[in-house]
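# Notes for the structure review
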Amino acid sequence: MSPKPSDIGMEGDDEREEDSEEENSEGEEGEEEEDEPRLKYQRMGGSVPALLQSDAASCIAVSERMIALGTHGGSVHILDFLGNQVKEFNAHTSAVNDLCFDIEGEYIGSCSDDGSVVINSLFTEERMKFEYHRPMKAIALDPDYTRKSSRRFVTGGLAGNLYFNMKKWIGYRDQILHSGEGPIHAVKWRTSLIAWANDAGVKVYDASNDQRVTFIERPRGSPRPEILLPHLVWQDDTLLVIGWGTSVKIASIRTNQNNGAEGTFKHFSVSSMNQVDIVASFQTSYFISGIAPFGDSLVALAYIPGKEDGEKDFSSSVPSRQGNAQRPEVRVVTRTNDELATDALPVLGFEHYKAKDYSLAHSPFSGSSYAGGQWAAGDEPLYYIVSPKDVVIAKPRDAEDHIAWLVQHGWHEKALEAVEASQGRSELLDEVGSGYLDHLIVERKYAEAASLCPKLLRGSASAWERWVFHFAHLRQLPVLVPYIPTENPRLRDTAYEVALVALATNTSFHKDLLSTVKTWPPVIYSALPIISAIEPQLNTSTMTGELKEALAELYVIDGQYEKGFSLYADLMKPCVFDFIEKHDLHDGIREKVAQLMMIDCKRAVPLFIQQRDLISPSDVVSQLMAAKNKCDYRYFLHLYLHSLYVSNPHAGMEFHDMQVELYADYDPKMLLPFLRNSQHYTLEKAYEICVKRDLLKEQVFILGRMGNAKQALAVIINKLGDIEEAIEFVSMQNDDELWEELIKQCLNKPEMVGVLLEHTVGNLDPLYIVNRVPNGLEIPRLRDRLVKIITDYRTETSLRHGCNDILKADCVNLLIKYYKEARRAIYLSNEEDESHTKTDKNQSSQFSERSLSFRSMEVKPKVRGGTRCCMCFDPFSIHNVSIYVFYCCHAYHETCLMDSIDSLSGSKKKPAPSPTKDELPFYKYENDDDTDDEEDEDDDALMRCILCTTAAG
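Let us now look at the overall build of the protein. Helices and strands together make up the secondary structure of the protein, namely 34 helices and 34 strands. A buried classification covers 46% of the 953 residues belonging to the protein. Counting only contacts in the protein whose residues sit at least 6 apart along the sequence, the fraction spanning at least 24 positions is 56%.

Here it is as structure tokens:
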């Protein structure tokens, strides 16, 4: 992979210069993903630029609290992470070669070419200086320097001795751990393990048990250490990373658990030193100026050698004055030397520097957390690239950097997934989402953009409205409509109206319009703008069924129920009947007869019958006949006219001729009852219909009604073959000639003659029929039938005689009863007479002698009429006296009648006392004959009309 130079600005911007070929080339997806940088860079600011302006940086050390920067002038600058100077130690008189913090970050140790080692406390005035009189190149403090009183550290230099210094009770004491193999170039201390590099290679010593653990030989062919220093880094407590020249090795250290006492030294055999495993080893194409762990990978500060470097074989350490050196590169590589990223750094003055002029340090971090290309939040290590005049900070790109890179390279979908996975700030999601939507719009992927809007726009009403109108401007709003929210958030009415109009004006989306109108709450928009957009399409080629139904729904929403009903009827919607009842739209059915019948004739017919005042039968019939090309109009006519006839036989009498044919086609069983009950059809037409459809009984009835009884009888006998029906028909006609015709047509059919003999009793003389039968004609069961005829004849004759006798006796008895009733009088009285009767005992005694035949009647209201008494001729209204009225229409005062009877019966025997009027019973026709006989015996005691001889008799 070709390196990508980096141009690092003072503000920390990661500006990249890419080759024109790479800008113009279109790589595969995998290549673009691999090209994503793993680190981002910024030049350290604060006090650093001013410090390096008058001095040059030589080394750096990083703790969890602060940074220490050593210079060629011998100063140690303590900086915060922004580059601001906190303290300065003028510890040395020449260049500082190495710096080291303890694990707590409270002490800083430094060594210099002046042969001194200085350890300064960062928070107190404590300061210790050790003189070794030879240039010291490396120092490492005990990680527990602060917590332990031994104050241990190791250091080494050009003298080739590795000094192990510790505090004893009599003072500080140096012990030489190793010597005789050339200068000490680097030393690193982790837990109890001390690793150092000299000309022979790398050795590891375990300070806890005073044991040399292992030896790793110097890579063959590597430059001399004083030209290109080896670099040691503890990745964790057991992994040691070694970068030397063009070789990288990762050693896994296994320590001996037999710990010795502190300060004692034990010697072990060579076999005990075989406690190392080289877990990774590879060669590079560049020279390593620094190395650091990067999760499971490595960060290498690479120096690209030029021709001049190769020719001189690194023989000179003097910086080049010609300015032909290349930029140093930061490369992220795996343990198998697969490059993950390469960034060229344009540090200040890079043209004049050699590989030894650069160094790389990293802040402490807790092991490997690298996964998927990004560091976990809070676990990102910082890397510091030091050159004489510049300090660059590199750190892993975070999720936002990764997302920005994906967006920059057009991977919007992956950027969105990364935003969601990292649960970043909402502003980032809005930014990425807006960019993604813009990208999809440019690519004309409108449907995909619309589907992402709910996730990207979420609850922002303003964002939704902006995109609604943007889609409308692009004429792609229909694809967004299914995703537009109706609540949380709720948009302005205009947004919804624009969306519905867009659906209405596009034939492909009429179905979506219908579903949207049904699902969207009507309160969020006004229906009138959408109605106005749809109405011009009525009766045009763009008018679809879905659009018409949507218009009906909008009419209902807008309260225009009549128009909505008209469209529902045209669309044949079953709900139209409930809609009529709900909104009382019965007036609208006058124009929609055929449609309603086609929707549901069982509900339409009762509706038309019920609303006869609004729509007449003639209107229903005419509309159904006009729709004969659209439906089975004759069947609908049959249903309607039948129901109309059942409800009112005379309501549709003008259509009875039509109804005859309809019954004949659809319900022949109802035709005969209809013919019998209706008087409004034409007999000739009805007969033709019945003949065409071979309806025999109906033909018989019509022929009978037409007066053509003989033809009707012929149909019964010849076609129906029902002699009983023929006999019944002839009996109803009361025509003797028909009997003759019946006998005549039956004589040649023996079975009919037998049946005729059985049913003629009461109508014809059986002997007449027997005499007409031709000789030799065999009649089935003739004997039995003759016996039955005789028996039935005798029985009938006996019954007739008995009935005649009963009739005569009843007539005589009723005449006698009528005669007796006619002779009796009716007694009329009033309330005043009642009270008068109670006081007048004499009159009461006279009343008690009246005949039992009297019938009394109390008249509570006083009669005021012009009728006069036939004795005194005074009007009845003058005297308050009871009255007797006879069936001959003569009436008398009670006193006048009593006096007249007394005078007439003076010479006769005094009759027995009669009961009073209160004891007289009312006349009833149910009186037995016994009472009549008693009355006959006392006939002389009956009261009679004086003037009438009949009454007097």
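Attention now goes to the nonpolar core. Burial of nonpolar side chains together is a common tendency in soluble globular proteins. Judged by nonpolar contacts, the single largest core of 91 residues is most densely connected at F471, I484, L596 and F608. Discounting residues that sit within four places of it in the chain, I484 has contacts with W464, V468, L491, Y496, A499 and W520. In terms of nonpolar packing, the next biggest core, distinct from the first, is built from 29 residues, V660, A686, I702 and W739 among them.

Per the stated rule, a full pass over the model turns up 20 aromatic pairs. A centroid spacing of 6.5 Å and a plane angle of 70° characterise the contact between F164 and Y205, whose relative ring orientation is edge-to-face. Taken together, the residues span a long stretch of sequence, with F164 in strand β14 (residues 162-168) and Y205 in strand β18 (residues 201-206) at a distance of 41 residues. Here the two residues F164 and Y205 agree in accessibility, since each one is buried. Ring pairing ties together the aromatic residues Y645, Y663, F674 and Y681, which thus form one cluster. Seen from the ring of W411, K414 lies directly overhead, with NZ or CZ sitting 4.6 Å from the centre.

Pairing is antiparallel across the open sheet formed by 4 strands, whose spatial order is β4-β5-β6-β7. Every other strand in the sheet has two partners, leaving β4 (57-62) and β7 (85-89) as the edge strands with one partner each. Going from strand to strand, the sheet's axes swing by 20° on average, the running direction of each strand aside. Note that strand β5 (residues 67-71) and strand β6 (residues 76-79) share 4 bridges and pair antiparallel. Its bridge partner lying in β6, I67 is registered against L79.

Further remarks concern the pattern of salt bridges. By the definition in use, this model includes 20 salt bridges. R152 is the partner of D142 in a salt bridge, and the nearest nitrogen-oxygen pair spans 3.0 Å. Placement of the pair is D142 in the loop between β12 (136-141) and β13 (153-157) and R152 in the loop between β12 and β13, with a sequence separation of 10 residues. Of the two residues, D142 and R152, both sit in the buried class. Overlapping salt bridges, with partners in common, bring together R634, E661, D665 and R693 in one network.

Here we take up the confidence of the model for the protein. Summary statistics for the protein give a mean pLDDT of 79 and a share of 74% for residues scoring 70 or more. When mean pLDDT is compared element by element in the protein, strand β9 (residues 107-112) scores highest at 96, while strand β2 (residues 14-16) scores lowest at 39. Per-residue pLDDT stays below 50 along residues 310-321; that stretch engages in 13 contacts with residues further than four places along the chain or on separate chains. Taken together, the stretch residues 949-953 has pLDDT below 50 and engages in 5 contacts with residues farther than four places along the chain or on a different chain.

This part is about the pairing of strand β24 (residues 287-294). For β24, the tally of buried residues reaches 8 of 8 residues, placing the bulk of the element in the interior. In terms of strand pairing, β24 meets strand β25 (residues 297-303) through 7 bridges, oriented antiparallel. Within the sheet, the bridge partner assigned to G290 lies in β25 and is L301. As consecutive antiparallel partners, β24 and β25 are separated by 2 residues, and within that stretch G295 has a phi angle of approximately 65°, a positive value.

Now for helix α6 (residues 412-422). An α-helix turns once every 3.6 residues. As a result, residues three or four positions apart point the same way. Regarding α6, the residues found buried are H412, A415, L416, A418 and V419. Take α6 and look down its axis: the buried residues cluster within an arc of 160°, on one side only.

Our focus in this paragraph is the side chain of H185. Locating H185 in the fold gives a position in the loop between β15 (171-178) and β16 (186-190). In terms of polar contacts, H185 uses its side chain to reach the side chain of D199, at 2.7 Å. Setting aside anything within four residues of it in sequence, one finds H185 in contact with K137, A138, A197, N198, D199, P225, E226, L229 and P230.

Turning next to the packing of helix α8 (residues 446-457) against helix α9 (residues 461-473). Their axes nearest at 11 Å, the elements α8 and α9 cross at an angle of 170°. Comparing the axis directions of α8 and α9 gives the class roughly antiparallel. Residues Y446, A449, A450, C453, P454 and L457 of α8 form the contact with α9, whose participating residues are A463, W464, W467 and F471. Considered class by class, the residues forming the contact of α8 with α9 number 10 nonpolar, no polar and no charged.

The sheet built from 4 strands is open, its strands ordered β3-β30-β29-β28 with antiparallel pairing. Looking at the sheet topology across the chains shown, the edges are occupied by β3 (39-43) and β28 (359-362). Neighbour-to-neighbour, the strand axes of this sheet turn through a mean angle of 25°, independent of strand direction. As judged from the 5 bridges shared by strand β29 (residues 383-387) and strand β30 (residues 390-396), these two strands associate in the antiparallel manner. Residue Y383 lies in a different strand from β30, and its bridge partner there is A394.

Take helix α20 (residues 656-666) next. Residues of α20 that are buried: H656, Q659, V660, L662, Y663 and A664. Tucked inside the fold, the buried residues of α20 contact α19 (633-647), α21 (671-677) and α22 (683-692).

Here we come to a negative patch on the surface. There is a patch of like negative charges on the surface, built from E562, E581, D584 and D587. Examined against the element boundaries, D587 turns out to sit in the loop between α15 (576-583) and α16 (593-599).

Another aspect to go through is the packing of α20 against α22. It is at 10 Å that the axes of α20 and α22 come closest, and there the two elements cross at 15°. With respect to α22, the element α20 is oriented roughly parallel. Crossing hand, α20 versus α22: right-handed. Seen from α20, the contacting residues are D657, V660, E661 and A664; seen from α22, they are K685, A686 and I689. When grouped by side-chain class, the residues that make up the contact of α20 with α22 number 4 nonpolar, no polar and 3 charged.

Okay, the pairing of β15 next. Taken together, the 7 bridges between β14 and β15 define a ladder with antiparallel strand orientation. Within the sheet, the bridge partner assigned to K168 lies in β15 and is G171. Counted along the chain from β14 to the antiparallel partner β15, the turn is 2 residues long.

Cut-offs and rules
- Residues numbered from 1 in each chain as written.
- Predicted model: local features only at pLDDT ≥ 70, side-chain atom pairs only at ≥ 80, totals over all residues.
- Heavy atoms only, no water.
- Helix = DSSP H or I, 4+ residues; strand = E, 2+ residues; numbered from the N terminus.
- Buried < 20%, exposed > 50% of the residue type's maximum accessible area, 1.4 Å probe, protein only.
- Contact = heavy atoms within 4.5 Å.
- Core = buried A, V, L, I, M, F, W, Y, C linked by side-chain atoms within 4.5 Å.
- Phe/Tyr/Trp six-rings, centres within 6.5 Å; stacked < 30°, edge-to-face > 60°.
- Lys NZ or Arg CZ within 6 Å of the ring centre and 35° of its normal.
- Pairing = 2+ DSSP bridges.
- Axes fitted to C-alpha atoms, helices over the stretch in contact; angles between N-to-C directions.
- Salt bridge = Lys/Arg side-chain N within 4 Å of Asp/Glu carboxyl O.
- pLDDT = per-residue confidence, 0-100.
- Arc of directions from axis to C-beta.
- Polar contact = N/O pair within 3.5 Å; in protein donor to acceptor, adjacent residues only side chain to side chain.
- Parallel < 35°, antiparallel > 145°, perpendicular 65-115°, else oblique.
- Nonpolar A, V, L, I, M, F, W, Y, C, P; charged D, E, K, R; others polar.
- Patch = residues over 30% accessible without salt bridge, like charges linked within 9 Å, V, L, I, M, F, W, Y side chains within 5 Å.
- Areas by Shrake-Rupley, 256 points an atom, 1.4 Å probe, with all protein chains shown as cover.
- Lys, Arg positive; Asp, Glu negative; His and termini not counted.
- Charge placed at Lys NZ, Arg CZ, Asp CG, Glu CD.
- Left-handed = near helix turned anticlockwise from the far one by under 90°.

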